[in-house]
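Remarks on the overall topology
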Amino acid sequence: MESSILFVSLGPGNPDLITLKAMKVLRKADVIFCPSTKSRQGQSVSRSADILRELEISSQSIRLFHVPMSKNRADAMQAYDKVREEATAAYQNGKNVVIVAEGDSGFYSSIHYIYDKFVADGIPVSRIAGIPAFIAAGALAGLHVVKQEEKLIVLPGIVEADELQEYLEKGMTVVIMKLSQCTETIQAFIAAHPMQTYHYFENVGTEKEYYSCDPTELQAKVYPYFSLMIIK
Ligand code: SAH
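Residues numbered from 1 in each chain as written. Predicted model: local features only at pLDDT ≥ 70, side-chain atom pairs only at ≥ 80, totals over all residues. Heavy atoms only, no water.

This next bit is on the overall build of the chain. Across its full length, the chain carries 8 helices and 11 strands. Relative to the compact-globule value of 17 Å for 232 residues, the chain shows a C-alpha radius of gyration of 19 Å, a close match. Referenced to the eigenvectors of the C-alpha coordinate spread, the extents of the chain come out at roughly 60 × 35 × 35 Å. With 232 residues in all, the chain has 46% of them scored as buried. Restricting to contacts in the chain with at least 6 residues of sequence separation, those with at least 24 account for 68%. When the accessible area of the chain is evaluated, it comes to approximately 12400 Å², of which 50% is carbon and sulfur surface. (Helix = DSSP H or I, 4+ residues; strand = E, 2+ residues; numbered from the N terminus. Rg over C-alpha atoms; globule rule 2.2 N^0.38 Å. Buried < 20%, exposed > 50% of the residue type's maximum accessible area, 1.4 Å probe, protein only. Contact = heavy atoms within 4.5 Å. Areas by Shrake-Rupley, 256 points an atom, 1.4 Å probe, with all protein chains shown as cover.)

Once that is clear, we can look at the packing of aromatic side chains. What describes a pair of aromatic rings is the distance from one ring centre to the other and the angle between the planes of the rings. For the coordinates displayed, the defined rule picks out 10 aromatic pairs. Ring centres 5.1 Å apart and planes at 70° place the aromatic pair F7 and Y115 in the edge-to-face group. Here Y115 lies in helix 4 (residues 112–121) and F7 lies in strand 1 (residues 5–9), a separation of 108 residues in the sequence. Their ring planes at 70° and their centres at 6.3 Å tell us that F65 and Y80 sit as a pair that is edge-to-face. Of the two residues, F65 is situated in strand 4 (residues 62–66) and Y80 in helix 3 (residues 73–92); the sequence distance between them amounts to 15 residues. (Phe/Tyr/Trp six-rings, centres within 6.5 Å; stacked < 30°, edge-to-face > 60°.)

Rendered as structure tokens:
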């Protein structure tokens, strides 16, 4: 393995959607730092760890780290700093160190914070690309996310109706990530703009995978964290 700390993308959920390159690196890793969060019921949940388990990566190498989801980012930063320290120590002891993220590790992935710190500290890092959830979603629905001269815009859950309308009037395809953060705006928008097509996806690549483009249903649905929308 190259001597650097490796940021490995795991793909959206289905273990088959990982790259061969990522798989080879995971098999050789001594330590794999893997993010987890707390469910509403207080249980530790980690989509990344679920993927690693399905890929039969030895659980002995996996180090779960808890990332608080609160709006107070200082808590999350503290968690990342701890990972950074442990990963640095393991790397300096000659271990093969990997940090994983779902989807692509360079696409709205909060571990960029750790990556940037390593760069600032002069620790060599590299990244292995992966399939982002919205690309897997397009395949699931048989959508050409963009074709010919079309343009694409990706919005990270921060959405204003006027802005959205402007993009769609220009014929752009809009991807909304972190949909649960803008439920009310989107549901009101669907009601006000029935001519658009709203492709809704949940838990792409997992057993709970769900797709719908029924506007009535989408106006009433509770959008979970792992949901996104493609509007055309
Ligand atoms: N790095 C990830 C994105 C992380 S941001 C990627 O490349 O896809 C987290 C957001 O991604 C979630 O709020 C949701 O909008 C989306 N997401 C990630 N995985 C998903 C999945 N399996 N199904 C649907 N949406 C998903």
